[in-house]
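What follows is the residue order along each chain.
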Amino acid sequence: MRDGQAAQSAIRLADYRPPAFLVDQVTLDVDLRETGTRVSASLTLRRNPAPEAEQGDCVLDGVALTPERIAVNGEQLADDRWHYDGRHLTLRALPDQCTLDTVVTIAPETNTALEGLYVSKGMFCTQCEAEGFRRITFFPDRPDVLSRFVTTVRADKAAFPVLLSNGNPVARGDEGSDRHWVRWEDPFPKPCYLFALVAGDLACLDDVYRTGSGRDISLQIYAEPRDLNKLDHAMASLKAAMAWDEKTYGLEYDLDIYMIVAVSHFNMGAMENKGLNIFNTACVLAHPATTTDAGFQRVEAVVAHEYFHNWSGNRVTCRDWFQLSLKEGFTVFRDQTFSGDMNSATVKRVEDVDMLRAVQFAEDRGPMAHPVRPAEYQKIDNFYTVTIYEKGAELVRMQHELLGPEAFRRGTDLYFSRFDGQAVTTDDFVDCMEQAGGQDLSQFRRWYSQAGTPQLTVQDSYDGTTYTLTLKQSTPATPGQPEKLPLLVPVAMALLGADGQPLPLSADGQTETVLQLTEAQQQVSFEVPERPVPSLLRGFSAPVELNYDYSTEQLRFLLAHDTDGYCRWDAAQRLYHGAVQRLLDEPRQAEAEAAALVPALEQVLARAADDPAATALLLTIPGEVALADRLPVLDVDGVHEARAALVSALGRQLAAQWWVQVEANETSGPYRPAADDIGRRSLRHRALGYLAAAGDKQMADFLGDLCRNADNMTDELGALRLLCHYRLAGSEAALAAFAERWRDEALVMDQWFAVQASVPGAATLSRVEALLAHDDFDWRVPNRVRGLLGTFAGANPTALHAADGKGYELYTQCLARLDTVNPQVAARMANACARLPRLPVPRQTLLAQALEQLLAGTVSDNLREVLERILASRD
Ligand code: B3K
Ligand code: ZN
């Protein structure tokens, strides 16, 4: 086992106790060197007076540090007063108040795990959440220790002209002729996971934001000089997010300076370090020539997300990592609402729900299922999941809906004022909502502790005057949680009459209501003059799986008439699922299934100009992974064939209309990442996709031209993807030309790797192997690894699950290699195997063998936790 330690045992929420020692003040001095970087730290320690706090020695975290000096109140500590085992520094008989001085050396230059201090393309940067600060210096590395930081950064002047840390710069100076230093002071006490440091040769885009109260904030976005022209969108997004948070939550920025730095080696999207966000280049750089529409929208969302953390996360932080969703679920809810307000709220809602249902529901069904507030974990890095983030956001959304916007805002005001400067829990958040809304949310709290996707089964009857709905809820067992209790499930609904209009549900004429389901089974009745079509779970009012036996006619009716954008989209999804399901039994019926869909889709297309973005979503057939997830046993090949046949038949039968959309949605003028243009491009590419699937003879030329001549990356990459996916004439030449054009743009090349890894079929395995050996493939760059291996393992079922097990061999070999470089990314990528128990034999046996073999070798704690959970899920 690496790390030279026994397997990590579980950490439990039930064992939480406040820390034995608090740190009021931290003075850091970081002397950056090519080798032998030295960190001097001075901590003002104070024994925690809280009676329930841990007792005994002062134990600080510290991983891979080489101690050079340990002194208390200025005196070197005798050898028998301290012990360092490579993970913890134990200090014996420490006075209740003292100053601890430590000096350690660290090796950022060899840090490929990208936790703590590391080097990315010649610049120093940090990633401390969740437990990276312990790789920089000795410290109680837990979020409930809040300290004031003063940080001095020293480095070579020519190689690292820019030296940054949290807060405000307060002093700077030279050190001899070739080195310099800058001192930063952060006035806000913070947990050490929000510490950041950057040193590099960086260009900066400067701007100023004037807050509602009239303060001028200096905004600075740093990147490599060559990327200076790709920062405008991030800056505009940041200013929009600052204004939105003032308007929507009454929250203003607090420091005088807000900095963002783009780095190319980064384990996830971005990090909200106080006053000094560090971003994956993929989430900050944007330029029409190199960035797709989705990329532009991602930059806007992530810039906003990290900015919103300044209050939801930084000013009010988490007591322990079990409370991670306190900051992440709430902040995702905030960024989702922001993006909806900036673009189309309906389109954003559908995209978010689509992702939640495809990815989070799958997580809930598999071995990694866990509650929004987990009760235990081994490696917290493995719990930055869609459950914590996206399901957590749904829990906040439900509270917003249950309370209504005004009471919710009173609740957030109370939360931020009551807990400012504190480290708190999800229960503290719900307490504020309960108080502000005057509602008892005790049953609602079960959503935080109970894992799994609730099943909501609805039946109805009509006796000529009374329409009765019977609603049942149950949550399936998940690992470690065999029994589940009923939840408070808000079910927004309407009843549509034969003319497509919603019927009044009560004497006051109201046409939509929110049922609050609290029992395992409940009935509700409405007096209505005709048998209605129910429009259920409007806006996706709760993260549940709705089982109602809609007839095909009812679904077509909802698709044509429902005014709720989510329900319309869901009706289309149900129609597609139904068609694919039937094709699995009757593979030759694709033309007939398509023909049955055509009238409904023609209606959708007739209204396309009203909302191209929503139309594109309505016309999107679920992907292979989502389709297969509906089946008890994963039929990878069957789903691929059925889906491909249906798309191709729809392509042929609606060919004329697809061409109309291709013409009608060509955007004119220079590229704009604005919602209306983005919508038109997405509908146009949807239409092109159908035509390519149909084998339209003009497609190879049309797409080849588009790929060559496009003035924006959305068109260029969209065309390349279709050329490759359908292996059209000219696809290899297009790939070669694309690589030639974009060889120096890393983010574009990530897409070039991804496109090739996504081509369905076992033949892609040899392509992936070849790309692993490509000069531009680099195991140390997570974006590149995600582009190639993440796409192959996560989005290409017919390659990963190739019948002879070759996909599993390649994949587990890659995981083993990646784990030696970057355990966090390896563990995340291993989640692609979580569907193991639903694979048919012999695939299940082949994958299990490959995983067991991997586990038998040397693996990190991160990867081991995931592999063990997956293997244990097999019956
Ligand atoms: N808080 C960070 C995530 C840190 C992940 C550490 N493994 C980004 C975010 O959610 O804003
Ligand atoms: Zn976040």
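Rules and cut-offs
All residue numbers refer to position in the chain's written sequence, counted from 1. Starting at A for chains and at 1 for ligands, labels are handed out in the order in which the entities are written. With the structure being a predicted model, the display of local features is reserved for residues of pLDDT at least 70 and the display and counting of side-chain atom pairs for 80 or more, all residues being used for whole-chain, interface and lining totals. Side-chain measures here rest on the full set of heavy atoms in the structure, leaving out hydrogens and waters. Each helix corresponds to a stretch of at least 4 residues labelled H or I by DSSP, and each strand to a stretch of at least 2 residues labelled E; elements are numbered beginning at the N terminus. Radius of gyration here is computed from C-alpha atoms only, and the compact-globule reference equals 2.2 Å multiplied by the residue count raised to the power 0.38. Each residue is placed in one exposure class: buried if its accessible area under a 1.4 Å probe, protein chains only, is under 20% of its type's maximum, exposed if it is over 50%, and partly exposed if it falls in between. For this analysis, residues touch if any pair of their heavy atoms sits within 4.5 Å. Exposure was quantified through the Shrake-Rupley algorithm and a 1.4 Å probe, taking into account, for residues, occlusion by the shown protein chains and nothing else. We count Lys and Arg on the positive side and Asp and Glu on the negative side, and we leave His and both chain ends out. Note that the charge is assigned to NZ on lysines, CZ on arginines, CG on aspartates and CD on glutamates. Whether a residue is near a molecule or strand depends on its heavy atoms: if one lies within 4 Å, it is near. Throughout this description, a polar contact denotes any pair of N or O atoms lying within 3.5 Å of each other; where both atoms belong to protein, one of them has to be capable of donating a hydrogen while the other can accept it, and for residues adjacent in sequence the pair is counted only when both atoms sit in side chains. Three residue categories are used. Nonpolar comprises Ala, Val, Leu, Ile, Met, Phe, Trp, Tyr, Cys and Pro, charged comprises Asp, Glu, Lys and Arg, and polar comprises the others, including Gly. Only centres within 6.5 Å qualify two rings of Phe, Tyr or Trp (six-membered ring in Trp) as a pair; their planes then separate them into stacked at under 30 degrees, edge-to-face at over 60, and tilted for everything else. Whether a charge lies above a ring is judged from NZ of Lys or CZ of Arg, which has to be within 6 Å of the ring centre and within 35 degrees of the ring normal. For two strands to be treated as a pair, DSSP must find no fewer than two bridges joining them. For every element, the axis is a line fit to its C-alpha atoms; helices are fit only across the contacting stretch, and the angle between N-to-C directions ranges from 0 to 180 degrees. We call a pair of cysteine sulfur atoms a disulfide whenever their separation is within 2.5 Å. Domain start and stop points were drawn from an automatic or database domain assignment. Computed with a 1.4 Å rolling probe, the buried area is the accessible surface lost when two parts are put together, summed over both parts. Crossings are assigned a handedness: left-handed for a near helix turned anticlockwise from the far helix by less than a right angle, right-handed for a clockwise turn. One less than the residue count of a helix, multiplied by 1.5 Å, gives the span that helix is expected to have. Water is absent from the atoms considered, so a metal site may look incomplete; donors are defined as N, O and S atoms within 2.8 Å of the metal, or 3.2 Å for Na, K and Ca. Throughout this description, any angle smaller than 35 degrees is read as roughly parallel, any larger than 145 degrees as roughly antiparallel, any in the 65 to 115 degree range as roughly perpendicular, and the remainder as oblique. One side-chain nitrogen of Lys or Arg within 4 Å of one carboxyl oxygen of Asp or Glu is enough to make a salt bridge.

1. Details of the overall build of the protein chain
So, step 1. A tally of regular secondary structure across the protein chain gives 27 helices and 31 strands.
So, step 2. Radius of gyration (C-alpha) of the protein chain: 28 Å, near the 29 Å computed for a compact globule of 875 residues.
So, step 3. Burial status across the protein chain gives 61% buried among its 875 residues.
So, step 4. Within the protein chain, contacts between residues at least 6 apart in sequence are counted, and of these 69% link residues at least 24 apart.
So, step 5. As displayed, the protein chain offers around 32800 Å² of accessible surface, 50% of which is attributable to carbon and sulfur atoms.
So, step 6. Put simply, the protein chain has 84 plus and 121 minus side-chain charges, and the middle of one group is 1 Å from the middle of the other.

2. Structural notes on the site of ligand 1
So, step 1. The environment of ligand 1 is made up of 14 residues, and the closest members are Glu129, Ala270, Glu272, Glu306 and Tyr389.
So, step 2. Within the side chain of Lys327, an N or O atom sits 3.4 Å from a nitrogen atom of ligand 1.
So, step 3. Computed on the free molecule, ligand 1 has an accessible area of 340 Å², of which 94% lies beneath the protein chains in the complex.
So, step 4. At the level of elements, strand 20 (270–271), helix 2 (293–308) and helix 3 (324–342) are the ones that each hand at least two residues to the shell around ligand 1.
So, step 5. When the residues that make up the shell around ligand 1 are grouped by side-chain class, the tally is six nonpolar, three polar and five charged.

3. A look at the packing of aromatic side chains
So, step 1. Scanning the model with the defined rule gives 38 aromatic pairs in all.
So, step 2. When the ring of Phe133 is compared with that of Phe195, the centres are 5.3 Å apart and the planes differ by 65 degrees; the resulting orientation is edge-to-face. One end of the pair, Phe133, is in the loop between strand 11 (123–127) and strand 12 (147–156); the other, Phe195, is in the loop between strand 15 (179–190) and strand 16 (197–200), and 62 residues separate them in sequence. Taken individually, Phe133 and Phe195 each receive the classification buried, so the pair is uniform in this respect.
So, step 3. Positioned over the ring face of Phe188 is Lys274, at 4.4 Å from the centre of the ring.
So, step 4. Cation over ring: Arg334 sits above Phe330, and NZ or CZ is 5.5 Å from the ring centre.

4. Quick word on the sheet that holds strand 18 (residues 216–223)
Two strands in a sheet stick together by hydrogen bonds in their backbones, pointing the same way (parallel) or opposite ways (antiparallel).
So, step 1. Taking strand neighbours across the sheet as the criterion, the five strands line up as 17-18-19-21-20 in an open arrangement whose pairing is mixed. Looking along the sheet, the strands with just one partner apiece sit at the ends: strand 17 (203–210) and strand 20.
So, step 2. Here helix 2 sits on the sheet and contacts strand 19 (257–263), strand 20 and strand 21 (276–280); the angle it forms with strand 21, its principal contact strand, is near 150 degrees.

5. Considering the state of the cysteines
So, step 1. Applying the stated criterion across every chain yields a total of zero disulfides.
So, step 2. Of all cysteine sulfurs in the structure, the one in Cys192 sits closest to Cys128, which takes part in no disulfide; the separation is 6.9 Å.
So, step 3. As a non-bridged cysteine, Cys283 has Cys125 as the owner of its nearest cysteine sulfur, 14 Å distant.
So, step 4. A relative accessible area of 2% means that Cys283 is categorised as buried.

6. Notes on the domain arrangement of the protein chain
So, step 1. Entries for the protein chain in the domain assignment read domain 1 (17–201), domain 2 (203–308), domain 3 (319–326 + 335–409 + 416–538), domain 4 (548–696) and domain 5 (743–875).
So, step 2. Relative to domain 3, the C-alpha centre of domain 2 lies at a distance of 31 Å.
So, step 3. Contacts between the two partners involve 15 residues from domain 2, matched on the other side by 11 residues from domain 3.
So, step 4. Buried area between domain 2 and domain 3, summed over both chains or domains, comes out near 1100 Å², and the portion from carbon and sulfur atoms is 62%.

7. Observations regarding the environment of Trp82
So, step 1. Counting through the fold element by element, Trp82 comes out in strand 7 (residues 82–84).
So, step 2. Residue Trp82 is classed as partly exposed on the basis of its relative accessible area, which comes to 23%.
So, step 3. Note: C-alpha distance between Trp82 and Asn111 (29 residues apart in sequence) is 27 Å.
So, step 4. Sequence-distant contacts of Trp82, defined by excluding residues within four places in its chain, comprise Pro67, Ile70, Leu77, Leu89, Thr90, Leu91 and Arg92.

8. Quick notes on the packing of helix 18 (residues 713–725) against helix 19 (residues 731–742)
So, step 1. Viewed as axis vectors pointing N to C, helix 18 and helix 19 meet at an angle of 145 degrees, and their least axial separation amounts to 9 Å. In this structure, helix 18 meets helix 19 at a crossing whose hand is left-handed. Of the residues in helix 19, those touching helix 18 at Met713, Glu716, Leu717, Leu720, Leu723 and Cys724 are Ser731, Ala734, Leu735, Phe738, Arg741 and Trp742.
So, step 2. Its residues assigned to classes, the contact of helix 18 with helix 19 comprises nine nonpolar, one polar and two charged.

9. A closer look at helix 6 (residues 405–419)
So, step 1. Compared with an ideal rise of 1.5 Å per residue, which puts 15 residues at 21 Å, helix 6 spans 21 Å between its outermost C-alpha atoms and is within 8% of the ideal.
So, step 2. Ala407, Phe408, Gly411, Thr412, Tyr415, Phe416 and Phe419 are the residues of helix 6 that are buried.

10. Overview of the coordination of the zinc ion (ligand 2)
So, step 1. Distances from the zinc ion (ligand 2) to its protein donors, His305 (NE2), His309 (NE2) and Glu328 (OE), fall within 1.9 to 2.1 Å.
So, step 2. In the primary structure, the donors to the zinc ion (ligand 2) are separated according to the pattern H-x3-H-x18-E. Each member of the pair, His305 together with His309, is buried.

11. Re the environment of Leu536
So, step 1. The residue Leu536 is located in strand 30 (residues 533–536) in this model.
So, step 2. Contacts of Leu536, omitting those with residues within four sequence positions, involve Val458, Leu469, Ala492, Met493, Leu546, Tyr548, Tyr550 and Cys567.

12. Section: the sheet that holds strand 11
So, step 1. Taken together, the four strands give an open sheet; going across it, the order is 10-11-16-13, and neighbouring strands pair in antiparallel fashion. This sheet does not close on itself; its edge strands, each paired only once, are strand 10 (116–120) and strand 13 (162–165). Averaged over all adjacent pairs, the angle separating strand axes in this sheet is 20 degrees, with direction ignored.
So, step 2. Of the pairings in the sheet, the one linking strand 11 to strand 16 comprises two bridges and is antiparallel in character. Bridging from a neighbouring strand, Cys125 pairs with Val198 of strand 16.

13. Some remarks on the packing of helix 10 (residues 565–585) against helix 14 (residues 636–653)
So, step 1. Where helix 10 meets helix 14, the axes come as close as 9 Å, and the angle between the chain directions of the two elements is 120 degrees. Accordingly, the angle class assigned to the pair helix 10 and helix 14 is oblique. With respect to the hand of their crossing, helix 10 and helix 14 are arranged in right-handed fashion. Of helix 14, the residues touching helix 10 (which contributes Ala579, Val580, Leu583 and Leu584) are Gly638, Val639, Ala642 and Leu646.

14. Considering the pairing of strand 27 (residues 489–496)
So, step 1. Among the eight residues in strand 27, eight count as buried, and that is most of the element.
So, step 2. Along strand 27, one buried face is formed by Val489, Val491, Met493 and Leu495 and the opposite face, lined by Pro490, Ala492, Ala494 and Leu496, is buried too.
So, step 3. As paired strands, strand 27 and strand 28 (residues 513–517) are joined by five bridges and run antiparallel to one another. Bridge pairing in strand 28 places Met493 opposite Thr513.
So, step 4. With four bridges joining them, strand 27 and strand 30 adopt antiparallel strand pairing.

15. So, the pattern of salt bridges
So, step 1. Under the criterion given, the structure shown has 66 salt bridges.
So, step 2. Put simply, Arg47 and Asp96 hold a salt bridge, and the shortest N to O gap is 3.0 Å. Here Asp96 lies in the loop between strand 8 (88–91) and strand 9 (97–106) and Arg47 lies in strand 3 (residues 37–47), a separation of 49 residues in the sequence.
So, step 3. Judged by its relative accessible area of 24%, Arg47 falls in the partly exposed class.
So, step 4. Here the residues in one salt-bridge network are Asp29, Asp31, Arg33, Arg154, Glu175 and Arg179, joined through shared partners.

16. Brief notes about the side chain of Asp144
So, step 1. With respect to the secondary-structure elements, Asp144 resides in the loop between strand 11 and strand 12.
So, step 2. Classification of Asp144 by relative accessible area gives buried; the value is 12%.
So, step 3. Of the polar contacts made by the side chain of Asp144, one reaches the side chain of Tyr16; its length is 2.6 Å.
So, step 4. Those residues within four positions of Asp144 in sequence are excluded, and the remaining contacts are Tyr16, Pro18, Pro19, Cys318, Arg319 and Ala423.

17. Some words on the environment of Leu558
So, step 1. Topologically, Leu558 is positioned in helix 9 (residues 552–561).
So, step 2. Looking at Leu558, the relative accessible area reads 3%, which means it is buried.
So, step 3. Linking Leu558 and Ala572, residues 14 residues apart in sequence, is a C-alpha distance of 8.7 Å.
So, step 4. Once residues lying within four places of it in the same chain are set aside, the contact partners of Leu558 are Leu496, Val533, Pro534, Ser535, Tyr550, Arg568 and Ala571.

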